[in-house]
Amino acid sequence: MIGFSEGQKIEVKGIITYSRGFGGERKYFLKSGDATFCFRSRDSFGNGDVVSVDGILESLTDFIIKPEKIILLEGKEVDDAYEGIEKKIMDKTEIKDSLLFENPASTALKSKIKEVAGKLIAAKELNRYILLRFHGDADGIAGALALRKFLRFRAYQQNSAVYSPRDAVNDLGNLHHENHPLIVLLDFGTNEQSIDGLKLLKAGGLEVICIDHHPLHSDVKSNVNILLSPWTVEGLEDQSKYTAGYLASEIANMCGVETDNLAKIACAGDKSDVASPGEEDRKTALVLDYLAAHTSFGNSLEFYADVLKKEELYSSIYSQASEKINEALERALPKVKKSEKNGIIVYVVPLDGVVEPKQFPNRSKVTTAVFEHFKTDSPMITIGYGKRTIILRGNDGFLKKGYSFSEIVKKLSSDMKDFVMSGGGHAKAAAVRVEEGYEKSTIDRLIEELG
Ligand SMILES: [Mn+2]
């Protein structure tokens, strides 16, 4: 560093990122944003504490300060220090300026992707505690694996697409003793049902980054610190296909790791063509979905990464998963009813008796399998239903006629408040929960909406 000399008086404000015992004292490492200093003290500080150290610069080789006075900062001073130091680190960090894939979403979101990349790199540099919740499907898992390539964090699988107030209270409780933790929600958390949870995090003063491609509720933006969503891009079409795992791969790419492969797996998992996934990527996505459906423990990310490396286990999971889907498809096809409405082919398939509760494939996977079985260029939708659940799939032809399931579901939810409990999803794929016994009437009503 320019301008420092040994023996000079120095005052440094910084964040403690690490410490270790050193005789009867502790040796602390302090990041000021310009450099990492160290000092020894008998006082006890924690990682993440912000201190101001007055003393003599003893050595220029590793910036050792002999402290004369150490003050632990509190309140607003801490927040200001974090902001300032983080900014210095972000300015110094080299973040790649190129994208993995150029498309209307990545181009428009480039500076946002960069912002998240910088934020995560700074968090890593400051050794902040990061909690990442990822959606328990191939897209969410691939995204978490992409971020894992350059970042350490606690990872938890989220099996619902909603960030509930219960999740928020849990996180607030668990992070209570962490200093300036950071929460990342990946592939969920930006829909209407998540707002209350997000509000609690905000009220608790937690910093939150949301990376999601589910239809965005307008209140999300004001309740999180950074929002990376294709739904914020004006005029963008088919927003959902820019999947969360794909966006996470773009972030990781800017941080200098290779994530091309994970971007493809993420897109394969959500049937998106954005990263042009191939046959092998589709296989891997299926393996991840199969694993995620069978995993009940929360911290499973390392396990997924391992399975992908173990060839034999991988292939045997793949053959089991595809066999189970084919078997379910065989059971479903005889029950499919075909009709037509306003030039749209409609397939309806009852799924009770076709899928077993809590088994792979679930109702949504079987509906997708039926949908893919009847693949056509003409406008077509497939509706799968079971007890209290309706699953919707539509093709590009359906979309081109100007329809969107997220819009239709929104309308149904408000028109049929008493029967439709909740619903949501994407333009081409969505799900609805209804009161028991109202599955068929809701489907009839839904088909009427196509008129
Ligand atoms: Mn997704």
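Residues numbered from 1 in each chain as written. Predicted model: local features only at pLDDT ≥ 70, side-chain atom pairs only at ≥ 80, totals over all residues. Heavy atoms only, no water.

S.K.: For this particular structure, what's the right way to read the overall build of the chain?
M.R.: When its secondary structure is counted, the chain shows 15 helices and 16 strands. Projecting the C-alpha coordinates of the chain onto the three principal axes gives extents of approximately 85 × 50 × 40 Å. Relative to all contacts within the chain whose residues are 6 or more apart in sequence, the contacts with residues 24 or more apart total 63%. For the chain, the accessible surface area stands at approximately 21200 Å², while carbon and sulfur atoms represent 47% of it. Within the chain, one finds 59 positive and 67 negative side-chain charges whose respective centroids are separated by 2 Å. (Helix = DSSP H or I, 4+ residues; strand = E, 2+ residues; numbered from the N terminus. Contact = heavy atoms within 4.5 Å. Areas by Shrake-Rupley, 256 points an atom, 1.4 Å probe, with all protein chains shown as cover. Lys, Arg positive; Asp, Glu negative; His and termini not counted. Charge placed at Lys NZ, Arg CZ, Asp CG, Glu CD.)

S.K.: Teacher, can you tell me more about the sheet that holds strand S5 (residues 64–72) here?
M.R.: Picture the strands of a sheet paired through backbone hydrogen bonds; they go either parallel or antiparallel. Read around the barrel, five strands follow the order S1-S2-S3-S5-S4 and close on themselves; strand pairing throughout is mixed. On average, each strand axis in the sheet is tilted by 50 degrees relative to the strand beside it, whichever way the strands run. Inspection of the sheet shows strand S2 (residues 25–31) paired to strand S3 (residues 36–41) by six bridges, in the antiparallel sense. For Tyr28, the partnering residue across the bridge sits in S3 and is Phe39. Set on the sheet, helix H1 (residues 76–92) makes contact with strand S1 (9–22), S2 and strand S4 (50–59); between it and S1 the angle comes to about 90 degrees. (Pairing = 2+ DSSP bridges. Axes fitted to C-alpha atoms, helices over the stretch in contact; angles between N-to-C directions.)

S.K.: How should I be thinking about the state of the cysteines in this particular structure?
M.R.: Where two cysteines share a covalent bond between their sulfur atoms, that bond is called a disulfide. Under the defined criterion, the tally for this structure stands at zero disulfides. Between Cys210, a free cysteine, and Cys255, which holds the nearest cysteine sulfur, the sulfur-to-sulfur gap is 18 Å. Cys210 gets classed as buried once you look at its relative accessible area, which sits at 0%. (Disulfide = S-S within 2.5 Å. Buried < 20%, exposed > 50% of the residue type's maximum accessible area, 1.4 Å probe, protein only.)

S.K.: Any chance you could explain the sheet that holds strand S13 (residues 380–386) here in plain terms?
M.R.: The six strands are arranged S11-S12-S13-S14-S16-S15 in an open sheet whose pairing can be described as mixed. At either margin of the open sheet sits one strand with a lone partner, and together these are strand S11 (337–341) and strand S15 (420–425). With strand direction ignored, the average angle separating the axes of adjacent strands in the sheet is 20 degrees. Pairing analysis gives six bridges linking S13 to strand S14 (residues 389–394), with the strands arranged antiparallel. The residue bridging Gly384 from the neighbouring strand is Ile391, located in S14. The sheet strands contacting helix H12 (residues 363–373) are strand S12 (344–350), S13 and S14, and the helix crosses S14 at an angle near 35 degrees.

S.K.: Just checking my understanding: could you explain the environment of Asn47 for this structure?
M.R.: In this fold, Asn47 is placed in the loop between S3 and S4. Given the relative accessible area of 39%, Asn47 is considered partly exposed. The sequence separation of Asn47 and Arg282 amounts to 235 residues, and the corresponding C-alpha distance is 42 Å. With near-sequence residues (within four places) excluded, Asn47 lies in contact with Ile16, Thr17, Tyr18, Ser19, Asn127 and Asn179. A distance of 3.4 Å separates a polar atom in the side chain of Asn47 from the backbone nitrogen of Tyr18. (Polar contact = N/O pair within 3.5 Å; in protein donor to acceptor, adjacent residues only side chain to side chain.)

S.K.: Hey, could you run me through the coordination of the manganese ion in this one?
M.R.: For a metal with four tetrahedral donors the ideal donor-metal-donor angle is 109.5 degrees, while six octahedral donors give ideal angles of 90 or 180 degrees. The manganese ion binds to the protein through Asp139 (OD), Asp187 (OD), Asp187 (OD), His213 (NE2) and Asp270 (OD); the donor distances cover 2.2 to 2.7 Å. In terms of primary sequence, the donors binding the manganese ion are separated according to D-x47-D-x25-H-x56-D. With Asp187 in the loop between strand S8 (182–186) and helix H6 (195–203) and Asp270 in the loop between helix H8 (260–269) and helix H9 (279–294), the pair connects residues that are 83 residues apart, well separated along the chain. For Asp187, a relative accessible area of 0% gives the class buried. Overall, the relative accessible area of 26% leaves Asp270 in the partly exposed class. (Donors = N, O, S within 2.8 Å, 3.2 Å for Na, K, Ca; no water.)

S.K.: Just to check I follow, could you spell out the domain arrangement of the chain for this structure?
M.R.: One frequently used descriptor of interface size is the decrease in accessible area upon assembly of the parts. Assigned domains within the chain: domain 1 (9–73), domain 2 (93–309) and domain 3 (333–448). A C-alpha centroid distance of 27 Å is found between domain 2 and domain 3. Counting residues at the interface gives twelve residues for domain 2 and twelve residues for domain 3. Buried surface at the junction of domain 2 and domain 3, both sides included, amounts to about 910 Å², of which 60% is carbon and sulfur. (Domains from an automatic or database assignment. Buried area = accessible area lost by both parts, 1.4 Å probe.)

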